[in-house]
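For reference, the chains in residue letters:
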Amino acid sequence: MIERIILISLLIMISGTVNAQKKSADTLPTTEQFQAMLATCAAGADIQIDGQIKGSISEVYSGAKSTTEARGFKFLTVGEFLQALPSEDRLAGYKLYNICIIKILSGEGFSDIKEIPEVYIIPNNLITYGKPLRIKAKTVIAEDSEIRSFPVGHKVDAGGSGSSGRNGSNGTNGSGGAGSHGANGVLGGNGAYGTNAGEIRIEAEQLIGKLRIINNGANGGTGGNGGSGGNGGKGGNGRSGVSGAFDCKSGPGNGGSGGNAGDGGDSGRGGNGGTGGLVVIDIVNVEPGASLVISSSGGAAGFSGAAGQAGVAGRGGPRGGAPGLCSSGGRGPGSNGVAGQPGRSLGAGNKGFEGQIEVTIAGDVAVTTSTFSKNF
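Predicted, not measured: the structure shown is a model, and the values here were computed from it.

Undergrad: I'd love a proper account of the overall build of the chain, names of residues and values included.
TA: A count of helices and strands for the chain gives five helices and 10 strands. Expressed as a percentage of the 376 residues in the chain, the buried residues total 44%. Taking the intrachain contacts of the chain between residues at least 6 apart in sequence as the baseline, contacts between residues at least 24 apart amount to 80%. As displayed, the chain offers around 18000 Å² of accessible surface, 51% of which is attributable to carbon and sulfur atoms.

Undergrad: So what about unusual backbone geometry? Which residues, and what values?
TA: We note that Tyr 129 has phi near 55°; this positive angle belongs to a residue other than glycine. Locating Tyr 129 in the fold gives a position in the loop between β2 (125-127) and β3 (133-148). A positive phi angle, near 55°, is found at Asp 144, a position not held by glycine.

Undergrad: Report on the pattern of salt bridges, specifying residues and quantitative values.
TA: Counted by the stated rule, this structure contains seven salt bridges. The closest approach of N and O atoms between Arg 212 and Glu 146, which form a salt bridge, is 3.1 Å. Placement of the pair is Arg 212 in strand β4 (residues 200-214) and Glu 146 in strand β3, with a sequence separation of 66 residues. Its relative accessible area of 14% is what places Glu 146 among the buried residues. Linked by salt bridges that have partners in common, Asp 144, Glu 146, Arg 148 and Arg 212 make up one network.

Undergrad: Explain the nonpolar core to me, and be specific about the residues and the numbers.
TA: In this structure, Ile 135, Ile 147, Ile 202, Ile 213, Ile 281 and Ile 294 are the most contacted members of the largest nonpolar core, which totals 27 residues. Mapped by element, the contributors of at least two residues to this core are β1 (119-122), β3, β4, β7 (279-286), β8 (291-296) and β9 (356-361). Residues in contact with Ile 281, not counting those within four places in the same chain, are Ile 202, Ile 213, Leu 292, Ile 294, Glu 358, Val 359 and Thr 360. Of all hydrophobic cores here, the second largest spans 10 residues; its members include Cys 41, Ile 47, Ile 101 and Ile 104.

Undergrad: Requested: an account of a nonpolar patch on the surface, with residues and values cited.
TA: Residues Val 186, Leu 187 and Leu 346 make up a contiguous nonpolar surface patch of about 240 Å² in total accessible area. Within the secondary structure, Val 186 is located in the loop between β3 and β4.

Undergrad: Please give an account of the side chain of Ser 295 that cites residues and values.
TA: Secondary-structure assignment places Ser 295 in strand β8. Contact partners of Ser 295, with chain neighbours within four places excluded, come to Ile 213, Ile 214, Asn 215, Asn 216, Ser 370 and Thr 371.

Undergrad: Outline the confidence of the model for the chain, supporting the account with residue identities and numerical values.
TA: When pLDDT is averaged along the chain, the result is 79, and 76% of the positions lie at 70 or above. Averaged pLDDT values over the elements of the chain bottom out at 46 in helix α1 (residues 2-11) and peak at 95 in β8. In this model residues 68-75 is a low-confidence stretch, pLDDT under 50, and it forms 31 contacts with partners more than four residues away in sequence or in other chains. Note on residues 109-114: pLDDT is under 50 here. Beyond four places in sequence and across chains, it has 11 contacts.

Undergrad: Explain the side chain of Ser 291 residue by residue, including any values.
TA: Position of Ser 291 among the secondary structure elements: in strand β8. The class of Ser 291 is buried, set by a relative accessible area of 8%. Sequence-distant contacts of Ser 291, defined by excluding residues within four places in its chain, comprise Gly 209, Lys 210, Leu 211, Lys 374, Asn 375 and Phe 376.

Undergrad: Help me get a handle on the environment of Ser 169, residues and values and all.
TA: As for its position among the elements, Ser 169 is in the loop between β3 and β4. By relative accessible area, which is 45% here, Ser 169 ends up partly exposed. Separated by 90 residues in the primary sequence, Ser 169 and Gly 259 have C-alpha atoms spaced 8.2 Å apart. Setting aside chain neighbours within four positions, we find Ser 169 in contact with Gly 179, Ser 180, Gly 233 and Lys 234.

Undergrad: Explain the pairing of β3 to me, using residue names and the numbers behind them.
TA: Pairing geometry for β1 and β3, over four bridges, is parallel. Bridging across to β3, Val 119 finds its partner in Thr 139. Direction of pairing for β2 relative to β3: parallel, over a ladder of three bridges. Bridge pairing in β3 links Asn 125 to Glu 146. In this sheet, β4 lies alongside β3 in parallel orientation, the contact comprising 13 bridges. Within β4, the residue paired with Arg 148 across the bridge is Ile 214.

Reading the values: the criteria
- Residues numbered from 1 in each chain as written.
- Predicted model: local features only at pLDDT ≥ 70, side-chain atom pairs only at ≥ 80, totals over all residues.
- Heavy atoms only, no water.
- Helix = DSSP H or I, 4+ residues; strand = E, 2+ residues; numbered from the N terminus.
- Buried < 20%, exposed > 50% of the residue type's maximum accessible area, 1.4 Å probe, protein only.
- Contact = heavy atoms within 4.5 Å.
- Areas by Shrake-Rupley, 256 points an atom, 1.4 Å probe, with all protein chains shown as cover.
- Salt bridge = Lys/Arg side-chain N within 4 Å of Asp/Glu carboxyl O.
- Core = buried A, V, L, I, M, F, W, Y, C linked by side-chain atoms within 4.5 Å.
- Patch = residues over 30% accessible without salt bridge, like charges linked within 9 Å, V, L, I, M, F, W, Y side chains within 5 Å.
- pLDDT = per-residue confidence, 0-100.
- Pairing = 2+ DSSP bridges.

Structure representation (structure tokens):
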């Protein structure tokens, strides 16, 4: 909502003092025509824009046009326009500004689109979210700007934790019933693979300023934890003996055996890191004092989840009581259940592949992977 308000406020600046080309209100398209032209241009250029942004632009256009009368239009710079958009919409906004909005307001035909603007100002923070980005201009200005494939701290999905195994039920007392076995814990889910970074390409006659391009693949997701094994059930108590007046009518019963413990579930494997994206820089001249730093590394491997713990074995039940003239008769407690085994760790994922960097400046070509840095 805040970004939408900022966008509306900045676009109101469209109506104002005369700039380069003058257009009176009666020579501009109607609001309906503007909406249609914007939608047509965006679709033809394969630009994805949501209804909220398109509606905001159309709303401001309608208000500005109705109050402009014979006054001219002042175009926003591309930097101002992009700063007004949410970061995830700036790629589409860059294309929309250069290909559609300027063309519509200046009255140019679709065939007269200027694909190479005179100046492109790179915002201080531009995030591609792994999508391709191409900037082509006569002069590119970077005011300590940074283009990033993913925000700092970006995370892909971790694997889901496995559920714990069901505990075994206790044996029935008085009959020496055995406890039931605990169920094994469930395997944890694998972490998601890190997203690959998209291609970034910048072509210009001149670069001014300091530019950082961090086009790394996203880190892999952490594997899910394995579920704990279920506990074995306790063995039931043995039946008690029955004593008569002169002898033991029935000896005591053995205790029931304890249930075996369930094994812990294996951990989920960590996801592989994403691949670093291709970065292509082709610049004819560089202003003294400029700098260019590029990173195109593979994303870090996702960590393994924690292995599930083994369940606790059920204890054997005690033998039945020996009242009066009854003896134990060799009867004893039930045996304890077998202990469960902890789950296994299936390990971390693999680091993502390094991306390629191709830099051409004043005819000098450098091709490398992972990193590039140069001050001019």
